[in-house]
Amino acid sequence: MISQVSASLSPVQEFYVWHEEFERERKATKQKKRRGYFFEENEKAIIAYNKESNQHLRDKVYSHFIHKPFMKLAENIIHTFKFYCFDDSYQDVQAEVVAYLIEKIDKFDPTKGSKAYSYFSIVAKNYLIYNNNENYKKMKQRTSLAAVDIKRNITNEIVRQDIKDSRKDFTD
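Quantities reported herein were computed from a predicted structural model and do not represent experimental measurements.

Asker: Is there a simple way to think about the packing of aromatic side chains in this case?
Answerer: For any two aromatic rings, the description comes down to two numbers: the centre-to-centre distance and the angle of the planes. One pass over the full model with this rule turns up 14 aromatic pairs. Pairing W18 with F22 gives two aromatic rings, centres 4.9 Å apart and planes at 15 degrees, and the pair type is stacked. Linking W18 with F22, this pair stays in helix α2 (residues 11–29), spanning 4 residues, or about one helical turn. On the basis of relative accessible area, W18 is assigned to the partly exposed category, the value being 23%. Ring geometry for Y49 against Y62: centres 6.4 Å apart, planes inclined by 50 degrees, an arrangement best described as tilted. Residue Y49 is found in helix α3 (residues 40–51), and its partner Y62 is found in helix α4 (residues 55–80); the two are separated by 13 residues along the sequence. The class for Y62 is buried, based on a relative accessible area of 15%. Grouping aromatic residues by their ring pairs yields a cluster made of F15, Y16, W18, F22 and F65. Against the face of W18 rests K44, its NZ or CZ located 5.1 Å from the ring centre.

Asker: So what exactly am I meant to see when it comes to the pattern of salt bridges here?
Answerer: Any two side chains of opposite charge can pair, on the condition that their charged atoms come close. Taken as a whole, this structure holds 4 salt bridges when the rule is applied. One salt bridge in this structure joins E75 and K72, with 3.6 Å as the shortest N-O distance. With E75 and K72 both in helix α4, this residue pair falls 3 residues apart, about one helical turn. Using a relative accessible area of 25% as the deciding quantity, one classes E75 as partly exposed. We note a salt bridge from E134 to K137, for which the minimum N-O separation is 3.8 Å. Residue E134 and its partner K137 are both found in helix α6 (residues 116–142); the two are separated by 3 residues, about one turn of the helix.

Asker: What is the right way to look at α6 in this model?
Answerer: Think of an α-helix as turning once every 3.6 residues; residues three or four places apart then point the same way. Along its 27 residues, α6 runs 39 Å from first to last C-alpha, staying within 8% of the 39 Å computed at 1.5 Å per residue. Of the positions making up α6, those classed as buried are A116, F120, S121, V123, A124, Y127, L128, N131, N132 and N135.

Asker: Even after reading the chapter, I still don't get the side chain of S10, so can you show me in this structure?
Answerer: Topologically, S10 is positioned in the loop between α1 (2–6) and α2. Setting aside residues no more than four positions away along its own chain, S10 makes contact with E52 and L57.

Asker: Which parts of the structure should I look at to understand α2?
Answerer: If you check α2, its first and last C-alpha atoms are 27 Å apart, about what 19 residues at 1.5 Å a residue would give, namely 27 Å. All of the buried residues along α2 are V12, F15, Y16, H19, F22 and R26. With its buried residues spanning 125 degrees around the axis, α2 presents them on a single face. Counted as exposed and oriented over 90 degrees from the buried face of α2: R24, E25 and A28. Buried residues in α2 make contact with α3 and α4. Backbone geometry just after α2 places K30 at a positive phi near 55 degrees.

Asker: I would appreciate a short explanation of the environment of K82 in the present structure.
Answerer: You can see K82 is positioned in the loop between α4 and α5 (90–104). Separated by 50 residues in the primary sequence, K82 and N132 have C-alpha atoms spaced 9.8 Å apart.

The rules behind the values
- Residues numbered from 1 in each chain as written.
- Predicted model: local features only at pLDDT ≥ 70, side-chain atom pairs only at ≥ 80, totals over all residues.
- Heavy atoms only, no water.
- Phe/Tyr/Trp six-rings, centres within 6.5 Å; stacked < 30°, edge-to-face > 60°.
- Helix = DSSP H or I, 4+ residues; strand = E, 2+ residues; numbered from the N terminus.
- Buried < 20%, exposed > 50% of the residue type's maximum accessible area, 1.4 Å probe, protein only.
- Lys NZ or Arg CZ within 6 Å of the ring centre and 35° of its normal.
- Salt bridge = Lys/Arg side-chain N within 4 Å of Asp/Glu carboxyl O.
- Expected span 1.5 Å × (residues − 1).
- Contact = heavy atoms within 4.5 Å.
- Arc of directions from axis to C-beta.

This is the structure in structure tokens:
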């Protein structure tokens, strides 16, 4: 019966039918509360989002099933790989990463064999690596030489080098 009805449904509506059945099955089997943030229904929601042409339905599925996992994914990538070299606040960087993921959401192709979580993790990580490196370069350019000298303590480096040179005569 579902296959006859699904012929007239949009991809997002088909996803909602699948999700209702999925939730009923989960409740019937009394599965434990799942840990994590990116599940099968999130991946199917992304696939339905990409296939859907109606913007209202796309927005609905995004707000209910995609936004929260994207936010958590961005948070975990930022903290796991310690991307802290940004001028903006953490929330701004996180929102920027999510916006970038939304830009790239249509490039996800499940037929290529990758899962949505893996694909978007790599996309977010590459975006943060690029931006972190750019911001680090800018930070180095803006830092004055006096500040670099204080951080390096050049006087101490010269003394250490002299000590190494003097010891070299005795260790060779």
